[in-house]
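Okay, here's what each chain looks like letter by letter:
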Amino acid sequence: MISAAARWSASVGSCVLITGTGQSGSVPVMAERTLTPPFRTAVRAPATTGERRAAVRDRIETAGLDALIVLDLADIRYLSGFTGSSGLLVLLADEADAFLTDFRYKSQVAQELDSELDVRIESEGLLKVCRELLAERGAARVGFQREQLSYRAWSEWSDRGPPDLVPVEEWIEELRMIKSAPEIAAIRKACRIADETFESMLEHVRPGVTERELAARLNLELAARGADGPSFETIVASGPRAARAHRADSLPGGAGPRGARRGGPRGGGRLRDVNRL
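Quick caveat, the model's predicted, so the values are computed rather than measured.

What counts and what doesn't
- Residues numbered from 1 in each chain as written.
- Predicted model: local features only at pLDDT ≥ 70, side-chain atom pairs only at ≥ 80, totals over all residues.
- Heavy atoms only, no water.
- Helix = DSSP H or I, 4+ residues; strand = E, 2+ residues; numbered from the N terminus.
- Polar contact = N/O pair within 3.5 Å; in protein donor to acceptor, adjacent residues only side chain to side chain.
- Axes fitted to C-alpha atoms, helices over the stretch in contact; angles between N-to-C directions.
- Parallel < 35°, antiparallel > 145°, perpendicular 65-115°, else oblique.
- Left-handed = near helix turned anticlockwise from the far one by under 90°.
- Contact = heavy atoms within 4.5 Å.
- Nonpolar A, V, L, I, M, F, W, Y, C, P; charged D, E, K, R; others polar.
- 1 Å grid on protein atoms, 1.4 Å probe; cavity = no way out; pocket = protein on both sides within 12 Å on 5 of 7 lines; lining within 4 Å.
- Points joined across faces, edges and corners; volume = space filled by probe spheres on them.
- Salt bridge = Lys/Arg side-chain N within 4 Å of Asp/Glu carboxyl O.
- Buried < 20%, exposed > 50% of the residue type's maximum accessible area, 1.4 Å probe, protein only.
- Pairing = 2+ DSSP bridges.
- Phe/Tyr/Trp six-rings, centres within 6.5 Å; stacked < 30°, edge-to-face > 60°.
- Lys NZ or Arg CZ within 6 Å of the ring centre and 35° of its normal.
- Expected span 1.5 Å × (residues − 1).

S.K.: Which residues make up the environment of Glu-183, and what are the values?
M.R.: Here Glu-183 lies in helix α7 (residues 181–201). Along the chain, Glu-183 and Ala-45 lie 138 residues apart, while their C-alpha atoms are 9.8 Å from each other. A distance of 2.9 Å separates a polar side-chain atom of Glu-183 from the backbone nitrogen of Ser-180.

Have a look at this one:
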């Protein structure tokens, strides 16, 4: 389990320490401060979904919460392994964690989620069911990802009374900063796919080929090398529009003296964004 005082960031060389609660308007927010780790500090990233949930649970307990509602699908995948498009994860301080989804993913969750999760296939709104579940378990203060819950959803929940919602900010994102060995391997694979794809594209860049044709070819080459799909919209811009790389037209891609290409693979839940001029 990773303690709140020793969650180092490998990318920026810092850690996050919980210091208490503060006030942002009328809504309490978890307060944090940044520290610098000792030189050559050894850090082990949690590798399994169970270890990751345990690390978040430690933070839930430290903050004095009864549970945390996880709504972001990337975070849900990180903590549970679920790759679908509709789901809600509830991490509880002292009971079995619960995962809620609808009937479309009944067979999928049986394959992707570990046996420690209490999986529930629901026909009603997931947030409504989540509130009922937490009320049944006697939760009083429940954290939620402030970037993921709409004001309307927060208002409807609050109007019904307890459990009270407490916004938290980037708890799981901070944990994800430190990569485990499988994650590093997935990133390396994405980098290899991207590099090989861009190299293969050079022979297709010639006068008469449109920018959209090149973008479509790039996506095809990514998939052929094992990518789940492009990380973001693939953009090819040539000639005078090379400085406007976020605009995609269907003009000849090989007509100008220079061009810009933006694209990258998505695989294993990892994204790579590559720009080439």
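Moving on from the coordinates now.
S.K.: Can you break down the packing of α7 against helix α8 (residues 211–224) residue by residue, with the values?
M.R.: Packing of α7 against α8 leaves a shortest axis separation of 9 Å and a crossing angle of 135°. Relative to α8, the element α7 lies oblique. Between α7 and α8 lies a crossing of right-handed hand. Between α7 and α8, the contacting residues are Ile-193, Thr-197, Phe-198, Ser-200 and Met-201 on the first element and Leu-214, Arg-217, Leu-218, Glu-221 and Leu-222 on the second. Of the residues belonging to the contact of α7 with α8, the class tally is six nonpolar, two polar and two charged.

S.K.: Give me the lowdown on empty space enclosed by the protein, citing residues and values where you can.
M.R.: Under the criterion given, the structure shown has two cavities of 30 Å³ or more. A volume near 40 Å³ is recorded for the largest cavity. Along the walls of the largest cavity sit Leu-68, Gln-145, Glu-147, Val-168, Glu-169, Glu-170, Trp-171, Ile-172 and Glu-173, which together make up its complete lining. In the lining of the largest cavity, the residues fall into four nonpolar, one polar and four charged.

S.K.: Which residues make up the pattern of salt bridges, and what values go with them?
M.R.: Where charged atoms from two side chains of opposite charge come close, those side chains can pair. As enumerated under the stated definition, the model contains 19 salt bridges in all. In this structure, Arg-59 engages Glu-174 in a salt bridge whose closest nitrogen and oxygen atoms are separated by 2.7 Å. Of this pair, Arg-59 sits in helix α1 (residues 49–62) while Glu-174 sits in helix α6 (residues 171–176), and the two are 115 residues apart along the sequence. Comparing Arg-59 with Glu-174 shows no difference in burial state: the two are buried. Residues Arg-192 and Glu-196 are paired through a salt bridge, measuring 3.6 Å at the closest nitrogen-oxygen approach.

S.K.: Would you mind going over the sheet that holds strand β4 (residues 67–70) in detail, with residue names and values included?
M.R.: Strand order in the open sheet made by the six strands is β7-β6-β5-β4-β8-β9, with mixed pairing throughout. One side of each edge strand has no neighbouring strand; the edge strands of this open sheet are β7 (118–121) and β9 (164–168). On average, each strand axis in the sheet is tilted by 25° relative to the strand beside it, whichever way the strands run. One ladder, built from four bridges, connects strand β6 (residues 98–101) with β7; its direction is parallel. Paired with Leu-100 across the bridge in β7 is Arg-120. Running over the sheet, α1 touches β4 and β5 (88–92) and is turned about 60° from β5.

S.K.: Residue-level account of the packing of aromatic side chains, with values.
M.R.: All told, the structure shown has three aromatic pairs when counted by the stated rule. Every member of this aromatic cluster is reached through a ring pair, and the members are Phe-82, Phe-99 and Tyr-105. For the cation-ring pair, Arg-131 lies above Trp-157, with the distance from its terminal atom to the ring centre recorded as 5.8 Å. A cation over a ring is seen here: Arg-176 above Tyr-78, with NZ or CZ 5.9 Å from the ring centre.

S.K.: Tell me about the environment of Ala-110, and name the residues and values.
M.R.: Examined against the element boundaries, Ala-110 turns out to sit in helix α3 (residues 106–112). Judged by its relative accessible area of 62%, Ala-110 falls in the exposed class. When the C-alpha atoms of Ala-110 and Phe-82 are compared, they prove to be 9.9 Å apart, with 28 residues separating the residues in sequence.

S.K.: Please give an account of α1 that cites residues and values.
M.R.: Taking 1.5 Å of rise per residue, the 14 residues of α1 would be expected to cover 20 Å, and the 20 Å separating its terminal C-alpha atoms lies within 8% of that figure. Extensive coverage of α1 is indicated by the burial of 10 of its 14 residues. Within α1 the residues assigned to the buried category are Thr-49, Arg-52, Arg-53, Ala-54, Ala-55, Val-56, Arg-57, Asp-58, Arg-59 and Ile-60.

S.K.: Tell me about the pairing of β4, and name the residues and values.
M.R.: Side-chain alternation along β4 places Ala-67 and Ile-69 on one buried face and Leu-68 and Val-70 on a second face that is also buried. Of the pairings in the sheet, the one linking β4 to β5 comprises four bridges and is antiparallel in character. Among the inter-strand pairings, Ile-69 is bridged to a residue of β5, identified as Val-90. The pairing of β4 with strand β8 (residues 141–145) spans three bridges and is parallel. Across the sheet, residue Leu-68 finds its bridge partner in β8, namely Gly-143.

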